[in-house]
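Spelled out, the chains give:
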Amino acid sequence: MKNRYSAFLLPMTFLFIQGCSADSKPYLEGSLDPAIRTEDLLSRMTLEEKVGQMVQFSSPSNIALVKYWGKKNNQIPQNPSISFTLSESLTTTSVEFKPKKNKVNSVIFEFYGIKDHEFGQKIKLFISNIEKYFSFLKNHDINIKSENNFPHSSGIASSASSMSALASCLVDIEKINSNEKDDSYYLKKKSFIARLGSGSASRSIEGPITLWGESKSFPGSSDLYAINTVSYTHLTLPTICSV
């Protein structure tokens with residue numbers, strides 16, 4: 001699976017550097033590891049400086065080997081499902097955050113550069129429904145741009161790749177502004193948030209084979225998020241299908 005993430009800090013870095021001297025500022029030292037420089041820069045930035053930037057994520061669609069047959073309340077599956085990620089069928093989504101200008105924050109969605117796309121209403125409803133999971137959403141205007149590298153309405157589940165890409169962007173913004181170091185927490189939250197937008201999207205965070213839904217055959221499985229089942233590749237097809 002080819003999930004790609006990049007946080008565009010350069011514009012903010014340039015503004016932050018202006019007027020600063022290089023004394024005791026590791027983020028200005030070109031010889032240091034980029035991760036060390038980034039961590040130092042982030043530790044010096046205010047919350048508004050951190051959030052006033054853009055994140056981008058590319059996430060794959062997936063195809064179900066075992067489908068789920070309906071959902072209960074709150075996007076809980078009736079049964080576990082397993083899918084393969086389609087590593088070359090990607091949705092790339094970028095999300096730009098800026099402190100809101102008016103009382104009510106705005107959400108702008110562009111699909112292939114087209115504003116007011118029909119899918120935008122679903123995105124706005126999704127953002128409204130997940131505000132309780134991201135404290136920064138209420139205080140910022142959001143500009144979302146998305147496109148696929150495969151034809152729209154071609155039979156490939158673009159809702160899975162698009163919702164997982166958007167969820168990943170939101171969680172990565174949280175990660176930038178958090179002291180939480182456990183990557184497994186963020187992977188689970190990405191899948192959890194993606195599930196609220198589209199059930200199958202929960203299975204597009206990891207790969208190449210993922211399971212969504214609690215099953216006794218797979219320790220750690222959950223109705224709330226999908227898990228990577230690479231460690232279970234020794235299982236036979238009948239065992240996998242018995243979930």
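For the structure given in this document, a descriptive report is provided here. Treat the numbers as computed from the prediction; the structure is a model and nothing was measured.

1. Focus: the pairing of strand 6 (residues 140–148)
Moving on, step 1. The buried fraction of strand 6 amounts to 7 of the 9 residues, a majority that puts the element mostly inside the structure.
Moving on, step 2. The pairing of strand 3 (residues 81–99) with strand 6 spans 9 bridges and is antiparallel. Considered in strand 6, the bridge of T91 is made with N148.
Moving on, step 3. Examined bridge by bridge, strand 4 (residues 107–111) and strand 6 share 5 bridges and lie parallel to one another. Looking at the pairing, E110 lines up with K145 of strand 6.

2. Notes on the side chain of S89
Moving on, step 1. Along the chain, the position of S89 falls in strand 3.
Moving on, step 2. The buried category is assigned to S89, whose relative accessible area is 14%.

3. Here's the deal with the packing of aromatic side chains
Moving on, step 1. For the structure on display, the rule yields 8 aromatic pairs.
Moving on, step 2. Relative to F111, the ring of F109 lies with its centre 6.5 Å away and its plane at 15°, an arrangement referred to as stacked.
Moving on, step 3. Ring centres 6.0 Å apart and planes at 70° place the aromatic pair F109 and F119 in the edge-to-face group. In this pair, F109 sits in strand 4 while F119 sits in helix 4 (residues 119–129), placing the two residues 10 residues apart along the sequence.
Moving on, step 4. Among the aromatic residues, those joined into a ring-pair cluster are F109, F111, Y112 and F119.
Moving on, step 5. The residue whose ring lies beneath K189 is F134, and the NZ or CZ to ring-centre distance is 4.5 Å.

4. Quick word on helix 4
Moving on, step 1. Of the positions making up helix 4, those classed as buried are G120, I123, F126 and I127. Buried residues of helix 4 fall within an arc of 120° about the axis and therefore sit on the same side. Pointing more than 90 degrees away from the buried face of helix 4 are the exposed residues Q121 and L125.
Moving on, step 2. Those residues of helix 4 that are buried are in contact with strand 4, strand 6, helix 5 (158–176) and helix 6 (183–197).

5. Looking at the nonpolar core
Moving on, step 1. Among the nonpolar cores identified, the biggest contains 29 residues, and F97, I127, L137 and I144 are the most heavily contacted of them.
Moving on, step 2. Listed by contribution, the elements that provide at least two residues to this core are strand 2 (54–66), strand 3, strand 4, helix 4, strand 6, helix 5 and helix 6.
Moving on, step 3. Counting residues per element, this core draws most heavily on helix 5, which supplies 8 residues.
Moving on, step 4. By size, the runner-up hydrophobic cluster in this structure holds 6 residues, among which are V66, I82, F218 and Y225.

6. Here we look at a nonpolar patch on the surface
Moving on, step 1. Side chains of I63, L65 and F84 sit close together on the surface and give an oily, nonpolar patch of about 260 Å² of accessible area.
Moving on, step 2. Relative to the helices and strands, F84 is located in strand 3.

7. Comments concerning the pattern of salt bridges
When their charged atoms lie close together, side chains carrying opposite charge are able to pair.
Moving on, step 1. Under the counting rule described, the total for this entry stands at 4 salt bridges.
Moving on, step 2. The partner of D172 in a salt bridge is K190, with the nearest N and O atoms 3.2 Å apart. In this pair, D172 is assigned in helix 5 and K190 in helix 6, connecting sequence segments 18 residues apart.
Moving on, step 3. Salt-bridge contacts for K189 lead to E174; the nearest nitrogen and oxygen are separated by 2.5 Å. Within this pair, whereas K189 is found in helix 6, its partner E174 is found in helix 5, the two being separated by 15 residues in sequence.

Procedures and definitions
- In every chain, residue numbers begin from 1 and rise along the written sequence.
- Selection of residues for local features in this predicted model requires a pLDDT of at least 70, selection of side-chain atom pairs for listing and counting requires 80 or more, and totals for whole chains, interfaces and linings are taken over all residues.
- Excluded from the side-chain calculations are hydrogens and water; all other atoms, namely the structure's heavy atoms, are used.
- Each residue's exposure class comes from its accessible area (1.4 Å probe, protein chains only) as a fraction of the maximum for that residue type: buried when under 20%, exposed when over 50%, partly exposed otherwise.
- By the criteria applied, helices consist of DSSP H or I runs no shorter than four residues and strands consist of E runs no shorter than two, each listed in order from the N terminus.
- For two strands to pair, DSSP has to find at least two bridges joining them.
- Stacked, edge-to-face and tilted are the three classes for Phe, Tyr and Trp ring pairs, Trp counted by its six-membered ring, which pair at centre distances within 6.5 Å; planes under 30 degrees apart are stacked, over 60 edge-to-face, the rest tilted.
- Should the NZ of a Lys or the CZ of an Arg lie within 6 Å of a ring centre and within 35 degrees of the ring normal, that charge is described as sitting over the ring.
- The arc in question is formed by the directions pointing from the helix axis toward the C-beta atoms.
- Only heavy atoms enter the contact rule, under which two residues are in contact if any of them lie within 4.5 Å.
- Definition of nonpolar core: a set of buried residues of the types Ala, Val, Leu, Ile, Met, Phe, Trp, Tyr and Cys, connected through side-chain atoms within 4.5 Å.
- Patch definition: residues above 30% relative accessible area lacking any salt bridge, with like charges linked at up to 9 Å and the nonpolar side chains Val, Leu, Ile, Met, Phe, Trp and Tyr linked at up to 5 Å.
- Per-residue and other accessible areas were derived by the Shrake-Rupley procedure at a 1.4 Å probe size, with only the shown protein chains allowed to occlude residues.
- Criterion for a salt bridge: a side-chain nitrogen of Lys or Arg within 4 Å of a carboxyl oxygen of Asp or Glu.

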